[in-house]
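Architecture and fold: a report
Residue-level listing of the chains:
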Amino acid sequence: MNILLMILAAAPAAAELAGPSGPPIEWVFLLRFLLTTASLFAGLFFVLAGTLGVLRLPDFYTRLHAAGMTDTLGAELILLGLIIQSGFSQLTLKLMLVGFFLLVTSPTATHAVAHSAYKAGVKPVLGRFRAPSLDEEES
Amino acid sequence: MSVALGYIFLSVAFLIIVSMVMMLARLIGGPTLYDRLLAVNSFGTKTVLFLCVFCFIIDRPDGVDIALLYALMNFIATIAVLKFFNYKALNVGLLARPDVEAEE
């Protein structure tokens with residue numbers, strides 16, 4: 001955050017040094033830097049929150065919820081930050097492909113793990129809310 | 001600004017590694033098979049992210065190909081392990097499942 005504040009404070013001085021008819025390309029760089037930083041740290045927050053949830057939550061299904069939900073969003077945000085930084089190049093296309101495949105495969109894998117555990121009879125820790133059992137569905 | 005961006009990429013990569021180590025704790029001490037499988041899947045996603053950030057740190061865009069390959073391989077490995085522990089075999093057709101035939 002200190003680095004960001006220093007850059008924000010130094011940017012108008014740099015614009016004055018460049019003169020009023022200076023190139024406006026510096027502002028594009030600053031905007032890209034700020035967007036990249038914000039997106040990267042938002043994604044990192046979600047990834048760390050999901051990891052903490054996997055470590056701390058009491059039950060398999062709640063752990064699955066924490067990991068599956070937050071990892072998808074965190075990965076997409078981190079990849080979005082890298083895409084903003086990379087500009088228009090071949091690297092952007094590859095990063096978008098990585099993001100697309102993560103967006104397709106991560107919820108599918110989460111659903112497959114949840115369905116397989118449910119079929120195998122992993123019981124959730126029950127509170128007020130109860131999951132329907134397999135025997136009630138078949139009868 | 002470029003130096004600050006390098007430090008930001010380094011810190012992001014370090015925190016992703018910290019998250020991967022925390023996920024290894026769940027992988028080792030998970031009570032059931034599915035906890036470990038969930039930890040492996042999440043570890044693979046974080047590996048993909050770390051590879052993408054690492055390519056920006058060393059300023060070589062080749063490693064994104066490896067990240068793309070790893071993302072696909074991670075999904076296939078998860079599905080294969082699930083299928084193996086569900087049917088106790090890998091050469092089971094998806095249309096002729098043994099449990100469906102047993103119910104009929």
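For the structure, check the block above.
Source: prediction; values computed, not measured.

**Side note on unusual backbone geometry**
All names here are of chain B.
- Residues other than glycine seldom take positive phi values, yet Asp59 does so here, at roughly 60°.
- Mapped onto the elements, Asp59 comes out in the loop between α2 (33-58) and α3 (63-87).
- Taking the relative accessible area as the measure of exposure, Asp59 reaches 64% and is therefore exposed.

**Quick notes on the interface of chain A and chain B**
- The interface is formed by 45 residues belonging to chain A together with 41 residues belonging to chain B.
- When chain A packs against chain B, the two sides together hide about 4,000 Å² of surface, and 81% of this comes from carbon and sulfur.
- Taken together, the connections running from chain A to chain B amount to three salt bridges.
- B:Asp35 is the salt-bridge partner of A:Arg63, the closest N and O atoms lying 2.8 Å from each other.
- Taken together, chain A and chain B are joined by seven residue pairs in polar contact (both at pLDDT 80 or more).
- Counting residues per element, the side of chain A that touches chain B draws most heavily on helix α4 (residues 90-120) of chain A, at 17 residues.
- Taken together, the residues that form the side of chain A that touches chain B break down as 33 nonpolar, eight polar and four charged.

**Some words on empty space enclosed by the protein**
- In this structure the tally under the stated criterion is two cavities of 30 Å³ or more.
- What lines the largest cavity is simply A:Ala67, A:Gly68, A:Asp71, A:Ser106, A:Thr110, B:Leu38, B:Asn41, B:Ser42 and B:Thr45.
- Elements supplying a minimum of two residues to the lining of the largest cavity: α3 (60-86) and α4 of chain A together with α2 of chain B.
- The element that contributes the greatest number of residues to the lining of the largest cavity is α2(B), accounting for four residues.
- Residues that form the lining of the largest cavity fall into these classes: two nonpolar, six polar and one charged.
- As a volume, the second largest cavity reaches approximately 60 Å³.
- Residue lining of the second largest cavity: A:Leu102, A:Thr105, A:Ser106, A:Ala109, B:Asn41, B:Thr45, B:Val48, B:Ala71, B:Asn74 and B:Phe75, and that is the complete set.
- Breaking the lining of the second largest cavity down by element, the ones donating at least two residues are α4 of chain A together with α2 and α3 of chain B.
- Looking at the lining of the second largest cavity residue by residue, the classes come out as five nonpolar, five polar and no charged.

**Let's talk about the environment of A:Gly81**
Residues and elements named next belong to chain A.
- Along the chain, Gly81 falls in helix α3.
- Under the relative-accessibility criterion, Gly81 is labelled buried at 0%.
- Each C-alpha atom, one on Gly81 and one on Thr36, is 4.4 Å from the other, the two residues being 45 residues apart in sequence.
- If near-sequence neighbours (up to four positions away) are discounted, Gly81 is found in contact with Thr36 and Ser39.

**Let's talk about the environment of A:Val113**
- Inspection of the secondary structure puts A:Val113 in helix α4.
- By relative accessible area, A:Val113 is classed as buried at 1%.
- Each C-alpha atom, one on A:Val113 and one on A:Leu64, is 8.5 Å from the other, the two residues being 49 residues apart in sequence.
- Leave out the neighbours within four places in its chain, and A:Val113 touches A:Phe60, A:Leu64, B:Tyr34, B:Leu37, B:Thr78 and B:Leu82.

**Some thoughts on a nonpolar patch on the surface**
All names here are of chain B.
- On the surface, Leu33, Val81, Phe84, Phe85 and Leu90 cluster together into a nonpolar patch covering about 400 Å² of accessible area.
- At three residues, α3 tops the list of elements feeding residues into the nonpolar patch.
- Tracing the sequence through the fold places Leu90 in the loop between α3 and α4 (98-103).

Calculation notes
- Residues numbered from 1 in each chain as written.
- Chains lettered and ligands numbered in written order.
- Predicted model: local features only at pLDDT ≥ 70, side-chain atom pairs only at ≥ 80, totals over all residues.
- Heavy atoms only, no water.
- Helix = DSSP H or I, 4+ residues; strand = E, 2+ residues; numbered from the N terminus.
- Buried < 20%, exposed > 50% of the residue type's maximum accessible area, 1.4 Å probe, protein only.
- Contact = heavy atoms within 4.5 Å.
- Buried area = accessible area lost by both parts, 1.4 Å probe.
- Salt bridge = Lys/Arg side-chain N within 4 Å of Asp/Glu carboxyl O.
- Polar contact = N/O pair within 3.5 Å; in protein donor to acceptor, adjacent residues only side chain to side chain.
- Nonpolar A, V, L, I, M, F, W, Y, C, P; charged D, E, K, R; others polar.
- 1 Å grid on protein atoms, 1.4 Å probe; cavity = no way out; pocket = protein on both sides within 12 Å on 5 of 7 lines; lining within 4 Å.
- Points joined across faces, edges and corners; volume = space filled by probe spheres on them.
- Patch = residues over 30% accessible without salt bridge, like charges linked within 9 Å, V, L, I, M, F, W, Y side chains within 5 Å.
- Areas by Shrake-Rupley, 256 points an atom, 1.4 Å probe, with all protein chains shown as cover.

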